[in-house]
Amino acid sequence: FINYVDDLLNCKMPLDQKVFESKDYEFRLLDSIEELVKLIKQRNEEHGLSRLIAGYSWKWISNKDKNLFDITIENTQLKWNNTSDDWINSPSSVNEVGCIHTTQGYDLNYSGIIFGNEISYDKEKDKIVILKENYYDKNGKNSITDPEVLKNYILNIYKTIMLRGIRGTYVYVCDDNLREYFAQHIKNDFSFKKP
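A short tour of the structure in this document, coming up. (Residues numbered from 1 in each chain as written. Predicted model: local features only at pLDDT ≥ 70, side-chain atom pairs only at ≥ 80, totals over all residues. Heavy atoms only, no water.)

### Description of the overall build of the chain
At step 1: Of the regular secondary structure elements, the chain holds five helices and nine strands.
At step 2: Starting at the N terminus and ending at the C terminus, the chain contains elements arranged as α-β-α-β-β-β-β-β-β-β-α-α-β-α.
At step 3: In terms of overall dimensions, the chain has C-alpha extents of about 45 × 45 × 30 Å along its principal axes.
At step 4: By sequence separation, contacts in the chain at least 24 residues apart represent 67% of the contacts at least 6 residues apart.
At step 5: With an accessible surface of roughly 10200 Å², the chain has 46% of that area assigned to carbon and sulfur atoms. (Helix = DSSP H or I, 4+ residues; strand = E, 2+ residues; numbered from the N terminus. Contact = heavy atoms within 4.5 Å. Areas by Shrake-Rupley, 256 points an atom, 1.4 Å probe, with all protein chains shown as cover.)

Following this line, the structure appears as structure tokens:
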């Protein structure tokens with residue numbers, strides 16, 4: 001799975017590469033953010049330690065005003081983590097979205113990864129591209145000026161958060177081109193079953 005994720009993010013999939021399939025690990029692409037949120041909550045009830053994690057494609061505005069939502073996708077509104085200290089185990093974490101920092105050093109049972117609008121796919125060049133204007137991590141954005149270094153930095157973040165889930169990883173992609181690329185390599189025939 002680690003090699004598969006690395007090849008996927010670096011657009012190095014062998015031509016004969018089959019879609020990742022394992023009876024011991026769930027790896028699925030979801031078409032709806034609402035489905036992803038429901039599925040992570042369901043997995044959390046069943047197995048515990050199931051969380052949403054995203055890249056830095058949204059500003060953290062709820063840290064100054066708790067009434068605001070940070071992330072709006074389709075009709076779903078979410079907030080970034082309300083604490084940086086042991087967020088995974090905080091009571092509200094299943095209703096929030098974590099990041100690379102708040103999940104560092106933790107293993108989850110299931111992770112729901114949200115690929116934001118800072119990452120896309122160039123069909124003609126067959127490569128992932130970064131849209132810096134949609135990237136909001138101040139540390140990364142301000143300290144990295146070389147576009148290729150920034151791309152590697154962001155890809156490494158996504159690779160790391162995609163490897164957090166021990167039992168499974170579910171993926172939702174905001175960008176249409178990237179979703180289309182991922183759909184070639186990640187099963188997306190999952191139908192959400194309500195508990």
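### Thoughts on the packing of aromatic side chains
At step 1: Under the definition given, this model contains 15 aromatic pairs.
At step 2: With a centroid separation of 4.7 Å and an interplanar angle of 45°, the aromatic rings of Phe-1 and Tyr-25 are classed as tilted. Linking Phe-1 in the segment before helix H1 (2-9) with Tyr-25 in the loop between H1 and strand S1 (26-29), this pair joins segments that are 24 residues apart in sequence.
At step 3: On the basis of relative accessibility, which here comes to 25%, the residue Phe-1 falls in the partly exposed class. (Phe/Tyr/Trp six-rings, centres within 6.5 Å; stacked < 30°, edge-to-face > 60°. Buried < 20%, exposed > 50% of the residue type's maximum accessible area, 1.4 Å probe, protein only.)

### Comments concerning the state of the cysteines
Where two cysteines share a covalent bond between their sulfur atoms, that bond is called a disulfide.
At step 1: Evaluation of the coordinates by the stated rule reveals zero disulfides.
At step 2: Sulfur of Cys-174: no disulfide; nearest cysteine sulfur belongs to Cys-99 and is 16 Å away.
At step 3: We classify Cys-174 as buried; its relative accessible area is 15%. (Disulfide = S-S within 2.5 Å.)

### Comments concerning the environment of Glu-21
At step 1: Within the fold, Glu-21 resides in the loop between H1 and S1.
At step 2: Spatially, the C-alpha atoms of Glu-21 and Lys-187 are 8.0 Å apart, while their sequence positions differ by 166 residues.
At step 3: When sequence neighbours within four positions are dropped, the list of residues in contact with Glu-21 reads Arg-28 and Lys-187.
At step 4: Looking at Glu-21, its side chain comes within polar contact range of the side chain of Lys-187, at 3.2 Å. (Polar contact = N/O pair within 3.5 Å; in protein donor to acceptor, adjacent residues only side chain to side chain.)

### What to know about the side chain of Ser-62
At step 1: Turning to its location among the elements, Ser-62 is positioned in the loop between strand S2 (50-54) and strand S3 (71-73).
At step 2: For Ser-62, a relative accessible area of 4% corresponds to the buried category.
At step 3: Every residue in contact with Ser-62, bar those within four places of it in the chain, is listed here: Leu-68, Asp-70, Lys-79 and Trp-80.

### With respect to the pairing of S2
At step 1: With five of its five residues buried, S2 lies for the most part within the structure.
At step 2: Of the two faces of S2, both are covered, the one formed by Ser-50, Leu-52 and Ala-54 as well as the one formed by Arg-51 and Ile-53.
At step 3: In the sheet, S2 pairs with strand S6 (residues 108-115) via five bridges, with the strands oriented parallel. Each bridged residue has a counterpart across the sheet, and for Ala-54 the counterpart in S6 is Ile-114.
At step 4: Where S2 lies against strand S5 (residues 97-98), two bridges are found, and the strand directions are parallel. Note that in S5 the partner of Leu-52 across the bridge is Val-97. (Pairing = 2+ DSSP bridges.)

### A look at the nonpolar core
As a rule of thumb, nonpolar side chains are buried together in soluble globular proteins.
At step 1: With 57 residues, the main nonpolar core has Ile-114, Phe-115 and Phe-182 as its most contacted residues.
At step 2: Among the elements that make up this core, the one with the highest residue count is helix H4 (residues 147-162) (seven residues).
At step 3: With residues near it in sequence (within four places) discarded, Phe-182 still touches Leu-8, Leu-9, Leu-29, Phe-115, Val-171 and Val-173. (Core = buried A, V, L, I, M, F, W, Y, C linked by side-chain atoms within 4.5 Å.)

### With respect to unusual backbone geometry
At step 1: One non-glycine residue, Cys-11, lies in the positive phi region at around 50°.
At step 2: Tracing the backbone through its elements, the reader meets Cys-11 in the loop between H1 and S1.
At step 3: At Leu-49, a position not held by glycine, the phi torsion is positive, near 40°.
At step 4: Relative to the helices and strands, Leu-49 is located in the loop between helix H2 (33-47) and S2.
At step 5: Residue classification places Leu-49 among the partly exposed residues on the basis of a relative accessible area of 32%.

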